[in-house]
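Next come the chains, spelled out residue by residue.
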Amino acid sequence: MARPTIADIADKAGVSKGAVSFALNGRPGVSDATRARILQIAEQMSWRPHSAARALGASRVDSVGLVIARPARTLGVEPFFAHLLSGLQSGLSTHSISLQLLIVENTEAEIEVYKRWASEHRVDGVILVDLTVRDPRIDALRALELPAVVIGGRGGKGALASVWADDRDAMLSIVDYLAALGHRRIAHVAGTPNFQHTQRRIRAVRDAAPRLGLIDAPSLTTDFSDAEGAATTRKLLSQADRPTAIVYDSDVMAVAGLGVAMEMGVSVPGDLSIVAFDDSILTQLMHPALTALSRDTFEFGRQAAEVLLEVIAHPANVINLRTADPVLTVRESTAPPSS
């Protein structure tokens, strides 16, 4: 299908090509109503500037975008995203680049934002988080010719630039440590099931189980919220053969799990060991303080910003930067099983 042109939009809107150009480039010369109608038609036709014309006719806007398709209420208590955003902004502000942040309901809404940003030239590039299995955003961004960097995994097997750490090795370090303590019933309270990083962590636990002689090693998926983390913990601890250790995919869920253990009279670490995949001030301030995987999330965000700026400057470059793996920080919430 041929790429829609300014002439196509003009024909459909019943205006001149000049009027369309004024509207698409935010210049005076058309009424607000006409501008709105033209922009709506352009969006319906999935119009975007030709890359060569954009390079010649439009300067950079010195802004990049981040769209997150997660419940806003869940994000509000996630220290990981706060540190990531701080790192991103630090890396961008050094170059006088601003960060546009939008929270949407789902992936379809996220892709529509990218289409609008590209057609209106609102951003020079975007940051992609929470890569999913067969993620449709990869092809959408490539079609839009919008520079992008994926945080947390390789973008379409290297089709987009990425900044990532090895979730599999990180999860194996947790399970190996718990098994070395003597735990053979280890449960995994996982995150959203269609996220690629969730699947990598689930596979790591599953693959480690026979090697370590684990009797039981279930992975139960959640939406990363404290509520589902608590509910899943309650379910696990209500079993006759309950786990002696639980690994949580986030610090927030680990803290919620600790609360449930206290509520049910399960001693931590006497009867149950708890480990969080993410470290934060939350895990450090609990009593007992929680064993967790520690990494510099601020620096992770700063590196992602630097990679995106490099891709914006040199669109042909595909950079895949593997950062340092998280390190297990042992605290008071883990101990050998009591029996």
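Looking up the chain in an unreviewed UniProt entry gives the name LacI family DNA-binding transcriptional regulator, with the organism given as Kribbella koreensis.

A. Molecular detail of the side chain of Thr222. Position of Thr222 relative to the elements: it lies in the loop between strand 7 (219–220) and helix 11 (226–237). Assessed through its relative accessible area of 4%, Thr222 is described here as buried. Of note is the side chain of Thr222, whose polar atom sits 2.7 Å from the backbone oxygen of Ala190. There is a polar contact of 3.1 Å between the side chain of Thr222 and the backbone nitrogen of Phe224.

B. Quick peek at empty space enclosed by the protein. Applying the stated criterion to the full structure yields three cavities of 30 Å³ or more. Lining of the largest cavity is provided by 21 residues; of these, Phe80, Asp130, His197, Arg201 and Arg295 occupy positions nearest its centre. Sorting the residues of the lining of the largest cavity by element identifies helix 6 (79–93) and helix 10 (196–212) as the ones contributing at least two each. Grouping the constituent residues of the lining of the largest cavity by class yields nine nonpolar, three polar and nine charged. The volume enclosed by the second largest cavity comes to roughly 100 Å³. In terms of lining, the second largest cavity is formed by 13 residues, of which the most central are Asp278, Asp279, Leu293, Arg295 and Thr297. Mapped onto the lining of the second largest cavity, the elements with two or more residues apiece are helix 6 and strand 10 (291–294). No other element matches helix 6, which puts three residues into the lining of the second largest cavity.

C. Representation of the pairing of strand 9 (residues 273–276). Judged by which residues are buried, strand 9 turns out to be covered on both faces: Ser273 and Val275 on one side and Ile274 and Ala276 on the other are all buried. Bridge count for strand 8 (residues 245–248) against strand 9 is four bridges, and the pairing is parallel. Counterpart to Tyr248 in the pairing with strand 9 is Ala276. For the handedness criterion, the β-α-β arrangement of strand 8, helix 12 (residues 251–263) and strand 9 is classed as right-handed. With two bridges joining them, strand 9 and strand 10 adopt parallel strand pairing. If you follow Val275 over to strand 10, its bridge partner there is Thr291.

D. Examining the sheet that holds strand 11 (residues 320–322) more closely. Pairing is parallel in the open sheet, where six strands are placed in the order 2-1-3-4-5-11. A single partner strand is all that each edge strand has here, and the edge strands are strand 2 (98–103) and strand 11. Sheet twist, expressed as the average angle between the axes of neighbouring strands with direction ignored, equals 20°. Strand direction decides the pairing type here: strand 4 (residues 148–151) and strand 5 (residues 161–164), joined by three bridges, are parallel. Bridging from a neighbouring strand, Val150 pairs with Ser162 of strand 5. The strands touched by helix 6 are strand 1 (63–68), strand 2, strand 3 (125–128) and strand 4; relative to strand 2, the strand with the most contacts, the crossing angle is about 150°.

E. Fine view of the packing of aromatic side chains. Under the counting rule described, the total for this entry stands at three aromatic pairs. Pairing Phe80 with Phe81 gives two aromatic rings, centres 5.5 Å apart and planes at 85°, and the pair type is edge-to-face. Of the two residues, Phe80 and Phe81, neither departs from the other in class, the shared state being buried. Ring geometry for Tyr114 and Trp117: centres 6.4 Å apart, planes at 55°, overall tilted. Of this pair, Tyr114 and Trp117 both sit in helix 7 (residues 107–119), three residues apart, which is roughly one turn of that helix. Of the two residues examined, Tyr114 and Trp117, each falls in the buried class. Note that Arg70 overlies the ring of Phe224, its terminal NZ or CZ placed 4.6 Å from the centroid.

Rules used in this analysis
- Residues numbered from 1 in each chain as written.
- Predicted model: local features only at pLDDT ≥ 70, side-chain atom pairs only at ≥ 80, totals over all residues.
- Heavy atoms only, no water.
- Helix = DSSP H or I, 4+ residues; strand = E, 2+ residues; numbered from the N terminus.
- Buried < 20%, exposed > 50% of the residue type's maximum accessible area, 1.4 Å probe, protein only.
- Polar contact = N/O pair within 3.5 Å; in protein donor to acceptor, adjacent residues only side chain to side chain.
- 1 Å grid on protein atoms, 1.4 Å probe; cavity = no way out; pocket = protein on both sides within 12 Å on 5 of 7 lines; lining within 4 Å.
- Points joined across faces, edges and corners; volume = space filled by probe spheres on them.
- Nonpolar A, V, L, I, M, F, W, Y, C, P; charged D, E, K, R; others polar.
- Pairing = 2+ DSSP bridges.
- Right-handed = clockwise from strand over helix to strand, strands pointing away.
- Axes fitted to C-alpha atoms, helices over the stretch in contact; angles between N-to-C directions.
- Contact = heavy atoms within 4.5 Å.
- Phe/Tyr/Trp six-rings, centres within 6.5 Å; stacked < 30°, edge-to-face > 60°.
- Lys NZ or Arg CZ within 6 Å of the ring centre and 35° of its normal.

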